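As a plain string of letters, each chain reads:
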Amino acid sequence: MKRWLVCLFIVLAARMAFAAEAPLLAADETVEKRLVAISEELRCLVCQNESLAGSRADLANDLRREIRKMIAEGKTDQEILDFMVARYGDFVLYRPPVKPTTWLLWGGPFLLMGGGLITLIWLLRRRRQLVATSGLSDEQRTLAASLLDKTDQ
Amino acid sequence: MKRFLLPLAAFAVLVVFLAIGLTHDPREVPSPLIGKPAPAFTLPQLHDASKKFSVADMKGQVWLLNVWASWCVSCREEHPLLVEFAKTHAVPVIGLDYKDQVADAKQWLEKLGNPYTQIAVDSDGRVGIDYGVYGVPETYVIDKQGIIRMKHTGPITPASLAQKILPLVKDLSQ
């Protein structure tokens, strides 16, 4: 029992340690919620595989500050995203818009899947033909039948 | 033999694509600001905070905007080249001291030389955001009409200076 309490204490203490490290929340919870929602759609440019919401980079901090400011100014989500795209390009968006330069990006996976499906169908058809044409000859059939008769006895 | 031909061809295509991918620098993000007017700003100058530097002051000139900071290691790497370049007086090089301490920046320039015609101080990085700065050093080539013509992310190398920046500057100066 005592051991369990110690474990529980350690877990709780660890959680508190993490909580202390989390960035300060603004006074207004709804602003913070919008900030997180918007910044999860955005890529951090310093550590490119992290979202702006999750990054600890200095620039990400500054950009979150800017977004917070824009929310306070009453800007819409789209206006805030446009602000980011105007400065850093479509690259900041995790869901870039569909346009000629991104056609391959959006269509590529479907193209690959289509190619795979066509290859699969082609292979299956060829196999079926192989099976159909490579049946047993009459001679082989009688031989097989006689062998089976022998095992039945 | 023939049955290996198709997978082999597919593999070759894949290798070509991956090889092309390797030559691209993932850190080099194309700037949407190319061909657009350089975002206006007015900031205090490093050596005399009572004086201001403004983008509008540079109208009619081709100039370089070099974003740097004393804390930036790669800036140290490109600095000697900038100092050499400044000696040629080809075009004004304006420094944007990005998220830096004034005292540190001054000391850095005293030690390593000052290639800049003027230096604007962007202490909170707000102007840097307008220029889409994400990794100092960054260098912008701005034409006589105040349009950004090129952006170089990362330290300038002798090759990028000779092959990309200088020919463009020469073109624009005519």
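In what follows, the accompanying structure is described. (Residues numbered from 1 in each chain as written. Chains lettered and ligands numbered in written order. Predicted model: local features only at pLDDT ≥ 70, side-chain atom pairs only at ≥ 80, totals over all residues. Heavy atoms only, no water.)

What follows covers the overall build of chain B. The secondary structure content of chain B amounts to 5 helices and 7 strands. Along chain B, helices and strands appear, N-terminal first, in the series α-β-β-β-α-β-α-β-α-β-β-α. Taking 16 Å as the expected radius of gyration for a compact globule of 174 residues, we find that chain B reaches 20 Å, considerably beyond that expectation. If one aligns the C-alpha atoms of chain B with their principal axes, the spans along those axes are about 80 × 35 × 30 Å. Once the 18 positive and 17 negative side-chain charges of chain B are each reduced to a mean point, those two points are 7 Å apart. (Helix = DSSP H or I, 4+ residues; strand = E, 2+ residues; numbered from the N terminus. Rg over C-alpha atoms; globule rule 2.2 N^0.38 Å. Lys, Arg positive; Asp, Glu negative; His and termini not counted. Charge placed at Lys NZ, Arg CZ, Asp CG, Glu CD.)

This part takes up the state of the cysteines. Residues and elements named next belong to chain B. According to the stated counting rule, one finds 1 disulfide over all chains in the structure shown. In this model Cys72 forms its disulfide with Cys75; the gap between the sulfur atoms is 2.2 Å. Between Cys72 and Cys75 the disulfide shows an S-S torsion of about 95 degrees. By sign, it is right-handed. Cys75 sits in the buried class, given a relative accessible area of 1%. (Disulfide = S-S within 2.5 Å. Buried < 20%, exposed > 50% of the residue type's maximum accessible area, 1.4 Å probe, protein only.)

Once that is clear, we can look at the pairing of strand S5 (residues 118–122) of chain B. As a general feature of sheets, a regular strand has side chains that alternate between the two faces. Residues and elements named next belong to chain B. Among the 5 residues that make up S5, 4 are buried, leaving the element largely enclosed by the rest of the structure. Here 5 bridges tie strand S4 (residues 93–98) to S5, and the two strands are oriented parallel to one another. Within S5, the residue paired with Ile94 across the bridge is Gln118. In this fold, S4 hands off to helix H3 (residues 102–112), which returns the chain to S5; that crossover is right-handed. (Pairing = 2+ DSSP bridges. Right-handed = clockwise from strand over helix to strand, strands pointing away.)

Residues and elements named next belong to chain B. Tallied over the full model, the rule gives 7 aromatic pairs over all chains. Judged by centre distance (6.0 Å) and plane angle (65 degrees), the ring pair of Phe53 and Trp63 falls under edge-to-face. Note that Phe53 is positioned in strand S2 (residues 52–54) and Trp63 in strand S3 (residues 63–68), a separation of 10 residues in sequence. Of the two residues, Phe53 and Trp63, both sit in the buried class. (Phe/Tyr/Trp six-rings, centres within 6.5 Å; stacked < 30°, edge-to-face > 60°.)

Residues and elements named next belong to chain B. Of all 6 residues in S3, 6 are buried; the element is thus mostly enclosed. Across the two faces of S3 the burial is the same, with Trp63, Leu65 and Val67 and Leu64, Asn66 and Trp68 all buried. As defined by bridge partners, S3 adjoins strand S6 (residues 138–142) across 5 bridges and the pair is classed as antiparallel. Opposite Leu65, over in S6, you have Tyr140 as the bridge partner. Handedness of the S3-helix H2 (residues 73–87)-S4 crossover: right-handed.

What follows is about a positive patch on the surface. Side chains of Arg126 and Arg127 of chain A together with Lys2 and Arg3 of chain B sit close together on the surface and give a patch of like positive charge. According to the relative accessible area criterion, Arg127 of chain A is exposed, its value standing at 58%. (Patch = residues over 30% accessible without salt bridge, like charges linked within 9 Å, V, L, I, M, F, W, Y side chains within 5 Å. Areas by Shrake-Rupley, 256 points an atom, 1.4 Å probe, with all protein chains shown as cover. Salt bridge = Lys/Arg side-chain N within 4 Å of Asp/Glu carboxyl O.)

Judged by nonpolar contacts, the single largest core of 69 residues is most densely connected at Leu42, Ile67 and Tyr88 of chain A together with Phe41 and Tyr131 of chain B. Top contributing element to this core by residue count: helix H3 (residues 58–72) of chain A, with 6 residues. Phe41 of chain B has contacts with Phe53, Ser54, Val55, Leu96, Ala120, Val127 and Tyr131 of chain B, leaving out every residue within four places of it along the chain. (Core = buried A, V, L, I, M, F, W, Y, C linked by side-chain atoms within 4.5 Å. Contact = heavy atoms within 4.5 Å.)

Taken residue by residue, the interface counts 15 residues in chain B and 17 residues in chain A. There are 5 residue pairs in polar contact (both at pLDDT 80 or more) connecting chain B and chain A. (Polar contact = N/O pair within 3.5 Å; in protein donor to acceptor, adjacent residues only side chain to side chain.)

Moving on, we get to the sheet that holds S6 of chain B. All names here are of chain B. Sheet architecture is open: 5 strands sit in the order S5-S4-S3-S6-S7, paired in mixed fashion. Looking at strand neighbours, the two that pair on one side only are S5 and strand S7 (148–153), the edges of this open sheet. Taking the axes of each pair of neighbouring strands and ignoring which way they run, one obtains an average angle of 20 degrees across the sheet. Where H2 meets the sheet, its contacts fall on S3, S4 and S6, and the angle it forms with S3 comes to roughly 155 degrees. (Axes fitted to C-alpha atoms, helices over the stretch in contact; angles between N-to-C directions.)

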